[in-house]
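Architecture and fold: a report
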Amino acid sequence: RVKEKWAATQPKHPPTRLALQHFDSSYGAQLGPLWPSVRVALLSERKYGALLNSFSHDLVLEDLQVQGCRDFISHQDRLVFGAEEGSCEVSMTSLEFLSQQQYPPQLSPHLKCFVFPRGDVTRFKPARPDRYGLLGYYLMDAASILPCLALDVQKGHTVLDLCAAPGGKTLALLQTQLIRYLCINDSSMSRTSRLRKVLHSYVPKQFLTDENLRITSFDGTMWGEMERETFDRVLVDVPCTTDRHSLTEDDNNIFSKSRTGERRRLPQLQLELLLAGIAAARPGGEIVYSTCTLSQNQNLSVVEQAVHFAQEKHGIQLQVVSLKPLVQKFRNTFHFAPELHLGEMVIPHLAANFGPIYLCKLKRLP
Ligand code: SAM
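Throughout, a residue's number is its position along its own chain's written sequence, starting from 1. Given that the model is predicted, a residue must reach a pLDDT of at least 70 before its local features are reported, and side-chain atom pairs must reach 80 or more before they are shown or counted; all residues, however, enter totals for whole chains, interfaces and linings. Water and hydrogen atoms were dropped before computing side-chain values, which therefore reflect all heavy atoms in the structure.

1. Some words on a nonpolar patch on the surface
To count toward a patch, a residue needs a relative accessible area over 30% and no salt bridge; like charges are then connected within 9 Å, while nonpolar side chains (Val, Leu, Ile, Met, Phe, Trp, Tyr) are connected within 5 Å. In these tables, accessible area is a Shrake-Rupley quantity obtained with a 1.4 Å probe, and a residue counts as shielded only by the protein chains included in the view. Salt bridges are defined as contacts in which a side-chain nitrogen from Lys or Arg sits within 4 Å of a carboxyl oxygen from Asp or Glu. Together, Phe218, Met222 and Met226 make up an exposed nonpolar region whose accessible area comes to about 270 Å². Each helix corresponds to a stretch of at least 4 residues labelled H or I by DSSP, and each strand to a stretch of at least 2 residues labelled E; elements are numbered beginning at the N terminus. Tracing the sequence through the fold places Met226 in helix H8 (residues 223–226). Exposed residues in this analysis have more than 50% of their type's maximum accessible area, buried residues have under 20%, and partly exposed residues fall in between, with area computed by a 1.4 Å probe over protein chains only. Since its relative accessible area comes to 43%, Met226 is described here as partly exposed.

Here it is in structure tokens:
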């Protein structure tokens, strides 16, 4: 047996422990009696989903079905969106609610994400390349598909993915095969080049041309000054405290002492990114804001402030779009936080250990 070595530089308080202390105090207050079970799930092995690569030539779908997985997107009857009235309430007078969102009746049939049943913690095997070198599926938190579904991309749309790397949601958006032009951005050059590699491992070259997409590494907060009122859909999947990662990995952990300033500045950065995304959407266009944290300060508070500032500073009126139809449809796959007054949140649960994922959808009034 090898004796563990204690380096002189080993931190007395590893970032994972600092993260847990921080979450215990903030989420204990925020989630109340829910927190102990969410905490156990967060500290346990997460569950993945396999985003099927519809461009792959292998019979991956059948293989996954034989293993006992199912596509959670098509598993239940497809929702007739718009049949249900939005029922959110919020104390902000500046918000108008879209009570009868006219969702299209169908989601793209190309978008499929396989999961093992509730309580089944079987792991997926790594994806294999087909004869053209394209991988059969991409492993990701299945709840990360929800912001893409909420974006409700339709044929011929132009879409901006403002913080795109490493590219899971970009890949899901491309799987829909509905987008006319996709603008993919991430301020980190190294993460952008990782994203390029991901795209080349999953998408045939003919779908990755200059006519179809653009990949950039700009600071997304500046987008509103570069390209205003342009896109039909904008995804703003912001950097956050990545709660699960922060509890399990000391490397590159935002709770390390050296990153305290960066962590404290997150809500401001998130607000600026969301405001830039709002400015980049065309009037009538829709924006989805998402994070992978439970933090109210990084979720609801950011959206509330963005809606307020968009109106006060830029004269942009926004409606919050109810995502209740999405929650209804996928409530057997994910655990959703009860009674959020703005947006929806998947909370980790031992029987369905996905998330956390927060999402909120806004529509620019014409
Ligand atoms: N959407 C990605 C996916 O599904 O794979 C995950 C995005 S991750 C949560 C947040 C990303 O925001 C990081 O890749 C980070 O490099 C990027 N980012 C941070 N600050 C940014 C900024 N000012 N502008 C654009 N991207 C930024």
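2. Overview of the pairing of strand S6 (residues 157–161)
It is a general feature of regular strands that their side chains alternate between the two faces of the sheet. Burial runs high along S6: five of the five residues are buried. Residue alternation in S6 divides its side chains into two sets, His157, Val159 and Asp161 and Thr158 and Leu160, and both sets are buried. Strand pairing follows a simple DSSP-based rule, namely that at least 2 bridges must link the two strands. Taken together, the five bridges between S6 and strand S7 (residues 179–185) define a ladder with parallel strand orientation. Residue pairing across strands places Thr158 opposite Tyr181, the latter belonging to S7. Once the chain exits S6 it traverses helix H6 (residues 168–175) before rejoining the sheet at S7, and the crossover so formed is right-handed. Where S6 and strand S9 (residues 231–237) come together, three bridges link them in parallel fashion. Following the sheet pairing, Leu160 is matched in S9 by Val234. Here a crossover is taken to be right-handed if, once the strands point away from the viewer, the path from the first strand over the helix to the second is traced clockwise.

3. Brief notes about the pattern of salt bridges
Pairing between side chains becomes possible if they bear opposite charge and their charged atoms approach one another. Within the structure shown, the criterion is met by 13 salt bridges. Its salt-bridge partner being Arg39, residue Asp24 comes within 2.8 Å of it at the nearest N-O pair. Taken as a pair, Asp24 in helix H1 (residues 15–31) and Arg39 in helix H2 (residues 35–43) lie far apart in primary sequence, 15 residues in all. The exposure class assigned to Asp24 is partly exposed, which follows from its relative accessible area of 30%. The partner of Asp141 in a salt bridge is Arg46, and the shortest N-O contact between them spans 3.3 Å. Taken together, the residues Asp141 in the loop between strand S5 (137–140) and helix H5 (145–151) and Arg46 in the loop between H2 and strand S1 (49–52) connect sequence positions 95 residues apart.

Read these as spatial facts, not as claims about activity.
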